[in-house]
Amino acid sequence: MVHKLEFLKTGAVNAAAGSAYAEFGNTKVIVSVFGPRESKKAMAYSGTGRLNCNVSFTTFATPSRGQGSDHKGYSSMLHKALEGAIIMESFPKTTVDVFALVLESGGSDLPVVISCASLALADAGIMMYDLVASVSVSCLGKNLVIDPILEEESYQDGSLLITCMPSRNEVTQLTVNGEWSTPRVHEAMQICLEACSKLAKITRSCLKESASAPKD
């Protein structure tokens, strides 16, 4: 993902508590964070906050509109990837909402959404154990392809996605699809973890730049 990173910035949505915009290859994503706000649902979570995640695609995001069914699980996968990194006790009895919109789908959409959402949460001042970085690898015959484009994803034999907190060396999500040998899974995981570490450094520098930038 690092070699396909073209643009990354915070403060993309003025009305949000925090936001981020990312371009990775042909994939373009914008994430807005709202809250913490008081919530009746969050009241049941005694002493901790509640995280809501929603991922949607614009009607023109993908070449074929029929592909939308593939994205139904993205919201819950985003939630799973982020919840382990957020200090929920820092906003008790309140809710934080994360809205991710894929403007253009060019492949590796979910890892871009997750990484962008982590940056948006940090921009919103939500307390986290560490920034989250996410990278995927596709298995194409004998080759492992990092950050596959849409075309490569369409004929992949298998896919592996890792979300981690690089500074803590902790994985918050691992998703494996297709048939993999054990050595191949280990190889793919190592590739992803190394890329996540590089991506996290870029994300941190983006945060530092925005923090030091003069406010209007």
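Residues numbered from 1 in each chain as written. Predicted model: local features only at pLDDT ≥ 70, side-chain atom pairs only at ≥ 80, totals over all residues. Heavy atoms only, no water.

(A) Highlighting the overall build of the protein. The number of helices and strands found in the protein is five helices and nine strands. Helices (α) and strands (β) of the protein occur, in sequence order from the N terminus, as β-β-β-α-β-α-β-α-β-β-α-β-β-α. Taken over 216 residues, the protein has a buried fraction of 49%. Only carbon and sulfur atoms are counted for the fraction: they give 51% of the accessible area of the protein, which is about 10,600 Å². (Helix = DSSP H or I, 4+ residues; strand = E, 2+ residues; numbered from the N terminus. Buried < 20%, exposed > 50% of the residue type's maximum accessible area, 1.4 Å probe, protein only. Areas by Shrake-Rupley, 256 points an atom, 1.4 Å probe, with all protein chains shown as cover.)

(B) Spotlight on the pattern of salt bridges. Under the definition given, this model contains five salt bridges. Here Arg184 makes a salt bridge to Glu187, at a shortest N to O gap of 3.5 Å. Pair noted here: Arg184 and Glu187 are both in helix 5 (residues 182–212), with a separation of three residues, about one helical turn. (Salt bridge = Lys/Arg side-chain N within 4 Å of Asp/Glu carboxyl O.)

(C) Here's a closer look at helix 2 (residues 74–83). Inspection of helix 2 places Tyr74, Ser75, Leu78, Ala81 and Leu82 among the buried residues, and these make up the whole buried set. Seen end-on, helix 2 carries its buried residues on one side only, within an arc spanning 125 degrees. (Arc of directions from axis to C-beta.)

(D) Unusual backbone geometry, seen in detail. A cis amide bond links Gly35 to the next residue, Pro36, at an omega of 0 degrees. Looking at the secondary structure, you find Pro36 in strand 3 (residues 27–38). Positive phi, close to 50 degrees, is recorded for Asp147, a residue that is not glycine. Within the secondary structure, Asp147 sits in the loop between strand 7 (143–146) and helix 4 (150–154). Positive phi outside glycine occurs at Asn169, with the angle close to 55 degrees. Among the secondary structure elements, Asn169 is positioned in the loop between strand 8 (158–165) and strand 9 (170–178).

(E) Molecular detail of the environment of Thr58. Assignment of secondary structure puts Thr58 in the loop between strand 4 (50–57) and helix 2. On a C-alpha basis, the gap between Thr58 and Leu101 in space is 7.1 Å, while along the polypeptide they are 43 residues apart.

(F) Expanded view of the sheet that holds strand 6 (residues 133–140). Spatially, four strands are ordered 7-6-8-9 in an open sheet, and the strand pairing comes out antiparallel. Each having just a single partner strand, strand 7 and strand 9 make up the two edges of the open sheet. Taking each pair of neighbouring strands and ignoring which way they run, the sheet shows an average axis angle of 20 degrees. Taken strand by strand, helix 3 (residues 109–123) contacts strand 6, strand 8 and strand 9, and its axis lies near 170 degrees from that of strand 6. Together, strand 6, strand 7, strand 8 and strand 9 form the strand contacts of helix 5, whose direction differs from that of strand 6 by roughly 145 degrees. (Pairing = 2+ DSSP bridges. Axes fitted to C-alpha atoms, helices over the stretch in contact; angles between N-to-C directions. Contact = heavy atoms within 4.5 Å.)

(G) The pairing of strand 2 (residues 18–24), seen in detail. Burial analysis of strand 2 places seven of its seven residues in the buried class, which makes it a mostly covered element. Both faces of strand 2 are covered, namely the face carrying Gly18, Ala20, Ala22 and Phe24 and the face carrying Ser19, Tyr21 and Glu23. Relative to strand 2, strand 1 (residues 5–10) runs antiparallel, the two sharing five bridges. Looking at the pairing, Thr10 lines up with Ala20 of strand 2.

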